[in-house]
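Chain residues, written in single-letter form:
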Amino acid sequence: GNSVTQMEGPVTLSEEAFLTINCTYTATGYPSLFWYVQYPGEGLQLLLKATKADDKGSNKGFEATYRKETTSFHLEKGSVQVSDSAVYFCALFYNQGGKLIFGQGTELSVKP
Amino acid sequence: GAVVSQHPSWVICKSGTSVKIECRSLDFQATTMFWYRQFPKQSLMLMATSNEGSKATYEQGVEKDKFLINHASLTLSTLTVTSAHPEDSSFYICSARRGVVLDYGYTFGSGTRLTVV
């Protein structure tokens, strides 16, 4: 079946460090891929998305490239800030069900 | 932008009682709403999909009689946890979608922390 696997957290970084959160997926067909972010006490917000192979999604300094050959969609940011502290969810969407399937989430903590 | 309000944000109830959680789309009409359950350090698990005016579609393994979902209007869906037990304690999140399947306009509520004692 369709599934998403993320690296386990928590991930703790110092401000201005480079961030990578790994995400791999298993899916039939060609899903669309997403990263959502959940700040403390808030709902999930769409961070970026990619709808086909080799697409790169980007937003707020975050990037992720849809890699079909490795079934991955790793999230990266060159220089994290304290305000980036949150839980990040990788997700896939497949049209047949019209549903989002989430990874388990990765907590990021950025220290000043 | 699209806003989804979920209420209450947290609730504590006694075992055996029922709890209702509301999910409202404040500035758009939601053709479909989704209910998720999240355990600590775990993923969001889709519980059910509800379309306005029709019965909810439950995911495999979700008890329909325990988790009652009503989607009476295009702006409101409710999840009622009936005869709650401590194992129902969890974080419940709703999501509302505008438009057709290919439209990726999902908006999430801020979640409800349910504790059953």
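All residue numbers refer to positions counted from 1 along the written sequence of the respective chain. Written order decides the labels, with chains lettered from A and ligands numbered from 1. Confidence filtering applies because this is a predicted model: local features only for residues at pLDDT of at least 70, side-chain atom pairs given and counted only at 80 or more, and all residues used for totals across whole chains, interfaces and linings. Calculated side-chain values reflect all of the structure's heavy atoms, with hydrogen atoms and water omitted.

Trainee: Would you explain the nonpolar core in this entry?
Mentor: Where a protein is soluble and globular, its nonpolar side chains tend to be buried together. Ranked by internal contacts, the top residues of the largest apolar core, which has 28 residues, are Trp35, Leu47, Leu48, Phe73, Leu75 and Tyr88 of chain A. Sorting the residues of this core by element identifies β2 (11-14), β3 (19-21), β4 (23-26), β5 (32-38), β6 (44-50), β8 (62-65), β10 (86-94) and β12 (106-111) of chain A as the ones contributing at least two each. Segments assigned H or I by DSSP are reported as helices when at least four residues long, segments assigned E as strands when at least two residues long, and all are numbered from the N terminus. Residue contributions to this core peak at five residues, all from β10 of chain A. Here, nonpolar core means buried Ala, Val, Leu, Ile, Met, Phe, Trp, Tyr and Cys residues that are tied together by side-chain atoms lying within 4.5 Å of each other. A simple rule labels every residue: compare its accessible area, found with a 1.4 Å probe on the protein chains alone, to the largest value its type can have, and call it buried under 20%, exposed over 50%, or partly exposed in between. Counting 25 residues, the second largest nonpolar core, distinct from the first, contains Ala30, Ala48, Ala56 and Cys94 of chain B.

Trainee: I'm lost on the state of the cysteines in this one. Help?
Mentor: Note on terminology: disulfide describes a covalent bond linking the sulfur atoms of two cysteines. A pair of sulfur atoms, both from cysteines and within 2.5 Å, is called a disulfide here. Inspection of the entire model under this criterion finds two disulfides over all chains. A sulfur-sulfur separation of 1.9 Å characterises the disulfide bridge that pairs Cys23 of chain A with Cys90 of chain A. In this structure, the disulfide formed by Cys23 of chain A and Cys90 of chain A twists by about -70 degrees around the S-S bond and is classed as left-handed. You can see Cys23 of chain A sitting in strand β4 and its partner Cys90 of chain A sitting in strand β10, a full 67 residues away along the chain. With a sulfur-sulfur separation of 2.0 Å, Cys23 of chain B is cross-linked through a disulfide to Cys94 of chain B. Judged by the torsion about the S-S bond (80 degrees), the Cys23 of chain B/Cys94 of chain B disulfide is right-handed. Remark: Cys94 of chain B occurs in strand β9 (residues 90-97) and Cys23 of chain B occurs in strand β3 (residues 19-25); sequence separation between them is 71 residues.

Without other data, these values stay purely geometric and don't point to any function.
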